[in-house]
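The chain contents come next:
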Amino acid sequence: MPRSVNSVASRARRKKVMKQAKGYFGRRKNVWTVAKNAVEKAMLYAYRDRRNKKRNFRSLWITRINAGARLHGMSYSQFMGKVKANNIELNRKVLADLAMNHPDAFKAIVNKVK
């Protein structure tokens with residue numbers, strides 16, 4: 001019995017990867033083996049950096065809260081400790097937004113926890 005090769009599925013798999021490689025530079029966009037490697041690496045970077053993005057934003061929020069708190073004579077750790085002790089349930093994202101865009105509201109929070 002002759003060997004059956006599912007070329008329809010094989011071509012569809014290749015087309016899917018080539019479509020993902022669209023916009024890449026040089027042979028990465030049109031040579032199968034190079035494009036496959038480039039797309040695999042890109043997927044790994046995308047997976048890794050979706051997690052890194054969360055770290056980066058938390059770090060940014062902490063920096064902004066620290067800057068806002070220091071304007072009112074407190075360090076970040078003192079401020080966050082007092083926020084938790086006073087049961088103010090605002091997360092770092094909201095506190096950072098207040099510190100940057102609404103300094104009067106942030107000042108009210110600082111005065112409440114002092």
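Residues numbered from 1 in each chain as written. Predicted model: local features only at pLDDT ≥ 70, side-chain atom pairs only at ≥ 80, totals over all residues. Heavy atoms only, no water.

Here we come to helix α2 (residues 32-71). Since the α-helix packs 3.6 residues into each turn, any two residues three or four apart lie on the same face. Its 40 residues give α2 an end-to-end C-alpha distance of 57 Å, which sits within 8% of 58 Å, the value for a rise of 1.5 Å per residue. At R50, α2 is deflected by roughly 30°, the largest bend along its length. Within α2, burial applies to A35, A38, V39, N52, I65, G68 and A69. Residues of α2 that are buried sit in contact with α1 (7-20), α3 (76-85), α4 (92-101) and α5 (103-113). One or two steps after α2, the chain reaches G73, where phi turns positive at roughly 80°. (Helix = DSSP H or I, 4+ residues; strand = E, 2+ residues; numbered from the N terminus. Expected span 1.5 Å × (residues − 1). Bend = angle between axes of the 7 residues up to and from the residue. Buried < 20%, exposed > 50% of the residue type's maximum accessible area, 1.4 Å probe, protein only. Contact = heavy atoms within 4.5 Å.)

Turning to the nonpolar core, a few remarks are in order. In this structure, I65, F79 and F106 are the most contacted members of the largest nonpolar core, which totals 16 residues. Counting residues per element, the ones that place at least two in this core are α2, α3, α4 and α5. Leave out the neighbours within four places in its chain, and F106 touches I65, G68, A69, H72, F79, L95, L98 and A99. (Core = buried A, V, L, I, M, F, W, Y, C linked by side-chain atoms within 4.5 Å.)

Turning next to the environment of V8. Topologically, V8 is positioned in helix α1. Note on V8: relative accessible area 66%, which makes it exposed. For the pair formed by V8 and A46, sequence separation is 38 residues and the distance between their alpha carbons is 29 Å.

In this section: a positive patch on the surface. Taken together, the side chains of R11, R13, R14, K15, K16, K19 and K22 define a basic patch exposed on the protein surface. With respect to the helices, strands and loops of the structure, K19 is situated in helix α1. Of the residues examined, K19 reaches a relative accessible area of 68% and is grouped as exposed. (Patch = residues over 30% accessible without salt bridge, like charges linked within 9 Å, V, L, I, M, F, W, Y side chains within 5 Å. Areas by Shrake-Rupley, 256 points an atom, 1.4 Å probe, with all protein chains shown as cover. Salt bridge = Lys/Arg side-chain N within 4 Å of Asp/Glu carboxyl O. Lys, Arg positive; Asp, Glu negative; His and termini not counted. Charge placed at Lys NZ, Arg CZ, Asp CG, Glu CD.)

Bringing α4 into the picture now. Inspection of α4 places L95, A96, L98 and A99 among the buried residues, and these make up the whole buried set. The arc enclosing the buried residues of α4, seen along the axis, measures out at 160°, which places them on a common side. Residues of α4 that are buried sit in contact with α2, α3 and α5. (Arc of directions from axis to C-beta.)

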